[in-house]
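Survey of secondary and tertiary structure
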Amino acid sequence: MKKDKYNISIAGCGKVAHLHARAILNIQGARLAGVWSRSEESAARFASQYNTKAYSGIKEMVHKNHTDLVIVCTPHPFHRQPATEAAAAGANVLVEKPLAADLGDCDAIIKACRENGVKLGVISQRRWYSPVLRVRKAIDEGKI
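For the structure given in this document, a descriptive report is provided here. As the structure is a computational prediction, the values presented were derived from the model and not from experiment.

Quick notes on the side chain of Ser37
- Along the chain, Ser37 turns up in the loop between strand 2 (30-36) and helix 2 (40-49).
- When neighbours within four sequence positions are excluded, Ser37 is seen to be in contact with Gly12, Cys13, Ser42, Ala43 and Tyr55.

Take a look at the structure:
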């Protein structure tokens, strides 16, 4: 069912989160619904800058603002917590690359999304660059 407005929240307030916030503000039919950070002060500053609400917990953020998607922008060693909590709360999850810092965290994120019936995506903005396509072709052809 297509919605008129999608609520998107951000977990993590570092450099890349600002790119996502600005993009969300420019997408018709999207709303920057909230932000969470491991630092409540950082979340408050970010929320003030982008005219949204800061939350102290992922579950609260997802439930109170009816988040459809949480974009995880924390440093990659800290992707597991916000991704699994967002999935458990019922939000789809988009994670900045890499999915996680270790295989156990990757498995936990994938499992949480599967168990909760939400979509999981990982940002890989360079996948269509020529060098990446050449490497992919070499892999597909068995050269690597």
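Considering helix 4 (residues 80-88)
- Every buried residue of helix 4 is listed here: Pro82, Ala83, Thr84, Ala86 and Ala87.
- Buried positions along helix 4 lie against strand 1 (6-11), strand 2, helix 3 (58-64), strand 4 (69-72), strand 5 (92-95) and helix 5 (103-115).

Some words on the packing of aromatic side chains
- Taken as a whole and assessed by the stated rule, the structure comprises one aromatic pair.
- Between Phe46 and Tyr50, the ring centres sit 4.7 Å apart and the planes meet at 40°, which makes this aromatic pair tilted. Each member of the pair, Phe46 together with Tyr50, is buried.
- Above the plane of the ring of Phe78 lies Arg38, whose end atom (NZ or CZ) is 3.7 Å from the centre.
- Over the face of the ring belonging to Tyr55 we find Lys53, whose NZ or CZ atom lies 5.2 Å from the ring centre.

Rules of the game
- Residues numbered from 1 in each chain as written.
- Predicted model: local features only at pLDDT ≥ 70, side-chain atom pairs only at ≥ 80, totals over all residues.
- Heavy atoms only, no water.
- Helix = DSSP H or I, 4+ residues; strand = E, 2+ residues; numbered from the N terminus.
- Contact = heavy atoms within 4.5 Å.
- Buried < 20%, exposed > 50% of the residue type's maximum accessible area, 1.4 Å probe, protein only.
- Phe/Tyr/Trp six-rings, centres within 6.5 Å; stacked < 30°, edge-to-face > 60°.
- Lys NZ or Arg CZ within 6 Å of the ring centre and 35° of its normal.

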